[in-house]
Amino acid sequence: MKEITLKVEGMMCGMCEAHINDVVRKSKGVKKVTSSRSKGETVIITEEGAEPDIEKLKADIAAMGYTVTDVTVGEHKKRGLFR
């Protein structure tokens, strides 16, 4: 599984977070998504062997009035119950 972090400008409230999460969830290969307006980021956990189209995600988010300024892709590290 991969962890994709999108730096997103323009999120001001919980509804902004929810709107971005809804758009991301519609992409194929998304297992989990969380957005944080205070951190200015959206974190996507992908399904094994499937990754969403980053350029399409950026375009869909931009169409809603937000700006993706940076994308980081890495391996998702599962955390244990007690870390």
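Every value quoted in this text rests on a predicted model; they were computed, and no experiment measured them.

J.: Which parts of the structure should I look at to understand the overall build of the protein?
T.: Looking only at helices and strands, the protein features two helices and four strands. When the helices and strands of the protein are placed in sequence order, the string is β-α-β-β-α-β. Summarising its shape, the C-alpha atoms of the protein cover approximately 35 × 25 × 20 Å along the three principal directions. Among the 83 residues that make up the protein, the fraction classed as buried is 37%. For the protein, the share of sequence-separated contacts (at least 6 apart) that also reach a separation of at least 24 residues comes to 65%. Taken as a whole, the protein presents about 5500 Å² of accessible surface, with 50% of it coming from carbon and sulfur. When the 15 basic and 13 acidic side-chain charges of the protein are each reduced to a single mean position, those positions are 6 Å apart.

J.: Would you mind going over the pairing of strand 3 (residues 41-46) with me for this structure?
T.: Along a regular strand, successive side chains alternate from one face of the sheet to the other. Counting buried residues along strand 3, six of its six residues qualify, which places the element largely inside the surrounding structure. Covered by surrounding structure in strand 3 are Glu 41, Val 43 and Ile 45 together with Thr 42, Ile 44 and Thr 46, the residues of both alternating faces. Pairing geometry for strand 1 (residues 2-9) and strand 3, over five bridges, is antiparallel. The residue bridging Lys 7 from the neighbouring strand is Glu 41, located in strand 3. Of the pairings in the sheet, the one linking strand 2 (residues 30-36) to strand 3 comprises six bridges and is antiparallel in character. Looking across to strand 3, one finds that Val 30 is bridged to Thr 46. Linkage of strand 2 to strand 3, two consecutive antiparallel strands, is achieved through a turn of four residues, within which Gly 40 is found at a positive phi near 70 degrees.

Parameters and conventions
Residues numbered from 1 in each chain as written. Predicted model: local features only at pLDDT ≥ 70, side-chain atom pairs only at ≥ 80, totals over all residues. Heavy atoms only, no water. Helix = DSSP H or I, 4+ residues; strand = E, 2+ residues; numbered from the N terminus. Buried < 20%, exposed > 50% of the residue type's maximum accessible area, 1.4 Å probe, protein only. Contact = heavy atoms within 4.5 Å. Areas by Shrake-Rupley, 256 points an atom, 1.4 Å probe, with all protein chains shown as cover. Lys, Arg positive; Asp, Glu negative; His and termini not counted. Charge placed at Lys NZ, Arg CZ, Asp CG, Glu CD. Pairing = 2+ DSSP bridges.

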